[in-house]
Amino acid sequence: MSIRMAPGVARPLLAIAASLIVAAVLALPAAARAAPSVAVTEAWAREARQGEVSAAYMTLTNSGDADDVLLEARSDVAAATEVHQTSMQAGVMRMGPAGPITVPAGGTVSFRPGGYHVMLIGLTQDLPAGAELQLTLVFEQSGEIMVPLTVRGAGG
Ligand SMILES: [Cu+2]
C-alpha cells in the first residue's frame, strides 16, 4: 500500500514545487519595478555676454520602460534658469515657460531653436564660444541629472 501511495503523494508535491519555482520566476520582473532611464545628449548653449540671455538645447532620450517628467532646470551662470517653449501665435513667435515636459518611455524630446529650450536669463558671466558649463535637469523619477554643455558661437 505504502509503495503505491508514494508516487501519488510525490506528484502533487512536485507540482507544488514546480509551481513555486514558476511563481518565483514570474515575480522577478515585477520585483524590478518599471523605471525610466533618461540620457541627455547633444547639449549646447548659445554664445552670449554677461547680463544678456542665452538658451541651451539638448536631446532627452528615455530608454527605460516608464515615463519621466522634466520638472525644472538649474544653472549657476544665470540669475534665472527656466524651461521655455517657443511657439507661433497669430503669426508672431512667442516664448514662455513650458511647464513639466514628459519624456515618454522609449521616446525622445528635442530641445532646439524654435521649440523647447532652457532659458538662461541674466547671465552672471560671459559665455564665449568653446566655453564649458554645467546645467542640472531635475526629473520626477530620475532625480537630478548633471548636463555638461558646450557654448557655440553665432555661426553654430
Ligand atoms: Cu525662452
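Not measured: the values here are computed from a predicted model. (Residues numbered from 1 in each chain as written. Predicted model: local features only at pLDDT ≥ 70, side-chain atom pairs only at ≥ 80, totals over all residues.)

Another point: the overall build of the protein chain. Of the regular secondary structure elements, the protein chain holds 1 helix and 10 strands. Starting at the N terminus and walking to the C terminus, you meet the elements of the protein chain as α-β-β-β-β-β-β-β-β-β-β. By the burial criterion, 21% of the 156 residues in the protein chain qualify as buried. For the protein chain, restricting intrachain contacts to residue pairs at least 6 apart in sequence, the fraction spanning at least 24 positions comes to 68%. (Helix = DSSP H or I, 4+ residues; strand = E, 2+ residues; numbered from the N terminus. Buried ≥ 20, exposed ≤ 12 C-beta atoms within 10 Å, placed from the backbone. Contact = placed C-beta atoms within 7 Å.)

The two faces of the sheet receive side chains in turn, since in a regular strand these alternate between them. The sheet contact formed by strand E1 (residues 38–46) and strand E10 (residues 143–152) spans 3 bridges and is parallel. By the bridge assignment for E10, Arg46 is matched with Arg152. Following strand E9 (residues 132–139), the chain reverses through 3 residues before pairing antiparallel with E10. (Pairing = 2+ DSSP bridges.)

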